[in-house]
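An overview of the molecular structure
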Amino acid sequence: QVQLVESGGGLVQAGGSLRLSCAASGSTVLITRMAWYRQAPGKQRELVANISSGSSPYYADSVKGRFTIFRTNAGNTVYLQMNSLKPEDTADYYCYAYSAWHDTWGQGTRVTVSS
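Being a predicted model, the structure only gives us computed values, none of them experimental.

**Description of the nonpolar core**
Of all hydrophobic cores here, the largest spans 29 residues; its most connected members are Met34, Trp36, Leu80, Met82 and Tyr93. At the level of secondary structure, the elements contributing two or more residues to this core comprise β1 (2-7), β3 (18-26), β4 (31-39), β5 (46-52), β7 (67-71), β8 (77-82), β9 (91-99) and β11 (109-114). Discounting chain neighbours no more than four positions away, the residues touching Met82 are Gly16, Ser17, Leu18, Leu20, Arg66, Phe67, Tyr93 and Val111.

**Quick notes on the environment of Ser7**
By secondary structure assignment, the location of Ser7 is in strand β1. On the accessibility criterion, Ser7 (39% relative accessible area) is partly exposed. In the structure, Ser7 is positioned 57 residues away from Lys64 in sequence and 22 Å away in space, judged by C-alpha atoms. What Ser7 contacts, discounting residues up to four positions off in sequence, is Arg19, Leu20, Ser21 and Thr109.

**Topic: the pairing of β4**
Within β4, seven of the nine residues are buried, which leaves the element mostly enclosed by the surrounding structure. Note that β4 and β9 share eight bridges and pair antiparallel. When the bridges of β9 are listed, Arg38 appears paired with Tyr93. Taken together, the six bridges between β4 and β5 define a ladder with antiparallel strand orientation. Paired with Tyr37 across the bridge in β5 is Leu47. Linkage of β4 to β5, two consecutive antiparallel strands, is achieved through a turn of six residues, within which Gly42 is found at a positive phi near 75 degrees.

The rules we used
- The residue numbering used here restarts from 1 in each chain and proceeds along that chain's sequence as written.
- At least 70 in pLDDT is required for a residue's local features to be given in this predicted model, at least 80 for side-chain atom pairs to be given and counted, and no such filter applies to totals for whole chains, interfaces and linings, which use all residues.
- Where side-chain values are given, they derive from all heavy atoms of the structure, hydrogens and water being excluded.
- The nonpolar core is taken to be a set of buried Ala, Val, Leu, Ile, Met, Phe, Trp, Tyr and Cys residues, with the residues joined through side-chain atoms within 4.5 Å.
- For every residue, the accessible area obtained with a 1.4 Å probe (protein chains only) is divided by the maximum for its type, and the residue is called buried under 20%, exposed over 50%, and partly exposed between those limits.
- The helix count covers DSSP runs of H or I at least four residues long, the strand count covers runs of E at least two residues long, and both are numbered beginning at the N terminus.
- Contacts: residue pairs with any heavy atoms within 4.5 Å of one another.
- Two strands qualify as a pair provided that DSSP identifies no fewer than 2 bridges between them.

In structure tokens, the structure reads:
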């Protein structure tokens, strides 16, 4: 099994930056996909960015050019670098990992962008 722990959320002004971290432990060698999702109040959870073995990262149109997803060489930590933040980026951000036919979610970290 895999466990995920997120960190790095907080309050930032519009135009600012934050970096989210997601540390994976357990059977990390089986992870083939990691991603960041977010859920704003009253809205459905949506995919923000995705990184899979052997594929280019994917980004939602709303964050292209502003967010970057990357993993450490060991693959145990995935980051989401968020630049030029906007108030509409305010949400709870969740780390996700797919490994050996299992979905694993982190506990979430809140990002609040003030205007």
